Amino acid sequence: MSGITVLSVAPEIYPLIKTGGLADVTGALAGALAAEGIAVVTLVPGYPAVTNKINAAEPVLTIPNLFGGDARVLRATAAGLDLFVLDAPHLFARPGGPYAGRDGRDWPDNPFRFAALCQIAARLALGEYPRFRPDVVHAHDWQAGLTAAYLAYDGRPRPATVITVHNLAFQGQYPAALLAPLGLPPRAFALDGVEYYGMIGFLKAALCLSDKITTVSPSYAAEICTPENGMGLDGLLRARSDALIGILNGIDEAIWNPREDAWLVAPYSIRTRARRSLNKAALQKHFGLASEPDALLFGVVSRLAWQKGVDLILANLDLIERLGGQLAVLGSGEPALEEAFRAAAKARPGCVSTILGYDERTAHMIQAGADALLVPSRFEPCGLTQLCAMRYGAVPIAARVGGLVDTIVDANEMALASSLGTGILFSPVTSGAFGAAIERARKLWDAPKVLDRIRANGMKTDVSWRRPAAAYARLFRDLARGAAR
Ligand code: ADP
């Protein structure tokens, strides 16, 4: 079967608007699926970051009074992406982030902002713009979760639906009193509908009502079916385990390519990986670390959040210093963690340095210049930074959870004997076990040939979208022929 069209429903998409890996995925997957013969058009909210960057915007729908204001759907392109943009200034044209204002507080009208996205997705899916007839609707995370509900309660024949869970920690729960204001019928407030512990659950609704559920790694797919990691939704996920599959993420090899990375002082390939030392020197300078070629340099590129286990890094600063290591941290997030990293840098000048904020150039410099990348996540649906690290030859030191397990081969003795091994995995996720992993890395530092083998193994690993896109393509083809519903 050829000519399959997918409507992707996404609250963020790289390079237009990004708060995390979700945007990388929605941006890159569209392009990777094109190579599989699948056309993806992505519906995104018209945040200023989006409306400022789109080209050839042509209005294809006008919607009077969409949750309190008039709206339009624009067909547009930007950065090679094929888009529908929900131009609803009363909901999206405001300064700040996609989900929260500059004070970090969630926008109080978030249920309406993302219900609007979902309602319009459902209308497009049902053919309201006659020139667009998707075979599959692919919704991403809770923000797109009600799409499946609006389609289910509309009752007309609909395309197949898929919800992808990028992070189960974010579920979108709102008071039951919003049911009618959100345009949902009373019968939707049911166990097999949008009801979730007496509230309306956007993600929960999607998990109940979508034909298929995907998440971003096979291990995370298994983890979220357990009470420990199911975040209240494990019972439902177990009940729907036939519909649940894990498909790993890839990274965009055009953006993450050490050979042609304009942000590096010394681009390199696997053959010329010794040139990483030039990038290491540049990184030390960029972060104000001591210019010591022989110091083991650890890098971090992360949201500063409990999920990411970055407090375990703080707990191991003495160890890193004692081992003669250095630490370069790029991140932003929870104020207390930001403050702790700021203080750590102040207390250990030349050894620990922190850049707070979001900066793509520095992220690329870290992957190219750090000897190892620290990823001590408490849970990790897939994780992209370890994939970037492997592609760039920084050895990931990561917790043995979720997608980290599925993407990193621990360089234990047998793995090394078989020329495998792309990183260091540790468990349990405690500061002690993490410290032991850091010590393992230090020992490898004294065995440069072994370390270089691990580096090369990582750089050789296919972390592209090719395999994942083929898996999504198979799923979408099955759904389009009605085989998987
Ligand atoms: P999550 O989506 O949970 O934050 P991922 O590892 O899946 O984590 O994706 C994070 C993405 O955001 C990666 O592309 C990473 O390089 C990028 N990133 C994270 N923090 C920063 C930062 N402070 N500056 C630049 N890029 C960042």
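In case you missed it, the structure is sitting above this.
Peer 1: Looking at this structure, how should I read the overall build of the chain?
Peer 2: Scanning the chain from terminus to terminus reveals 19 helices and 18 strands. A compact globule built from 485 residues would reach a C-alpha radius of gyration of about 23 Å, and the chain, at 23 Å, matches this within 12%. Considered along the principal axes of its C-alpha atoms, the chain spans approximately 65 × 45 × 45 Å. Residues classed as buried in the chain amount to 59% of the 485 residues present. A fraction of 71% describes how many contacts in the chain between residues 6 or more apart in sequence connect residues 24 or more apart. Of the roughly 19,000 Å² of accessible surface on the chain, 54% is carried by carbon and sulfur atoms.

Peer 1: What am I meant to see in the sheet that holds strand 15 (residues 352–356) here?
Peer 2: Paired through their backbone hydrogen bonds, the strands of a sheet run either parallel or antiparallel. Strand order in the open sheet formed by six strands is 15-14-13-16-17-18, with parallel pairing between adjacent strands. Here the strands that pair on one side only, and so sit at the sheet edges, are strand 15 and strand 18 (424–426). The mean angle between the axes of side-by-side strands here comes to 20°, regardless of whether they run parallel or antiparallel. The sheet contact formed by strand 16 (residues 372–375) and strand 17 (residues 395–399) spans four bridges and is parallel. Within strand 17, the position partnered with Val375 by the bridge is Ala398. The strands touched by helix 17 (residues 431–445) within the sheet are strand 13 (296–304), strand 16, strand 17 and strand 18, with strand 18 carrying the most contacts at an inclination of about 160°.

Peer 1: Where do I start with the packing of helix 4 (residues 110–125) against helix 5 (residues 146–154) in this structure?
Peer 2: Pairs of packed helices are described in terms of their axes, by the angle between the two and the distance that separates them. Helix 5 packs onto helix 4 with a crossing angle of 50° between their chain directions and a minimal axis gap of 8 Å. The orientation of helix 4 with respect to helix 5, classified from their angle, is oblique. Like other packed secondary-structure pairs, helix 4 and helix 5 cross with a definite hand, here right-handed. Along the contact surface, helix 4 presents Ala115, Cys118, Gln119, Ala121, Ala122 and Ala125, while helix 5 presents Leu146, Thr147, Tyr150 and Leu151.

Peer 1: Mind showing me how you'd approach the site of the ligand here?
Peer 2: Taken together, 17 residues lie around the ligand, and Gly21, Asp24, Arg303, Lys308 and Gly357 are the ones closest in. Here Gly21 contributes a backbone N or O atom positioned 2.6 Å from an oxygen atom of the ligand. In the model, an oxygen atom of the ligand is placed 2.9 Å from a nitrogen or oxygen of the Leu384 main chain. Computed on the free molecule, the ligand has an accessible area of 560 Å², of which 91% lies beneath the protein chains in the complex. Only helix 1 (21–34), strand 13 and strand 14 (325–333) provide two or more residues apiece to the shell around the ligand. Ranked by residue count, the leading element in the shell around the ligand is strand 13, at three residues. Looking at the shell around the ligand residue by residue, the classes come out as five nonpolar, seven polar and five charged.

Peer 1: Whenever I open this one, the nonpolar core confuses me. Can you help?
Peer 2: As a rule of thumb, soluble globular proteins bury nonpolar side chains together. If you look at the biggest cluster of nonpolar residues, it comprises 83 residues, and the most contacted ones within it are Leu43, Phe84, Leu86, Leu146 and Leu184. Looking at this core element by element, the count peaks at ten residues for helix 4. Ignoring anything within four residues of it in the chain, the contact list for Leu146 reads Ala115, Cys118, Leu182, Leu184, Val194, Phe202 and Ala205. In terms of nonpolar packing, the next biggest core, distinct from the first, is built from 66 residues, Leu327, Ala389, Ile438 and Met459 among them.

Scoring rules and cut-offs
- Residues numbered from 1 in each chain as written.
- Predicted model: local features only at pLDDT ≥ 70, side-chain atom pairs only at ≥ 80, totals over all residues.
- Heavy atoms only, no water.
- Helix = DSSP H or I, 4+ residues; strand = E, 2+ residues; numbered from the N terminus.
- Rg over C-alpha atoms; globule rule 2.2 N^0.38 Å.
- Buried < 20%, exposed > 50% of the residue type's maximum accessible area, 1.4 Å probe, protein only.
- Contact = heavy atoms within 4.5 Å.
- Areas by Shrake-Rupley, 256 points an atom, 1.4 Å probe, with all protein chains shown as cover.
- Pairing = 2+ DSSP bridges.
- Axes fitted to C-alpha atoms, helices over the stretch in contact; angles between N-to-C directions.
- Parallel < 35°, antiparallel > 145°, perpendicular 65-115°, else oblique.
- Left-handed = near helix turned anticlockwise from the far one by under 90°.
- Near = heavy atom within 4 Å.
- Polar contact = N/O pair within 3.5 Å; in protein donor to acceptor, adjacent residues only side chain to side chain.
- Nonpolar A, V, L, I, M, F, W, Y, C, P; charged D, E, K, R; others polar.
- Core = buried A, V, L, I, M, F, W, Y, C linked by side-chain atoms within 4.5 Å.

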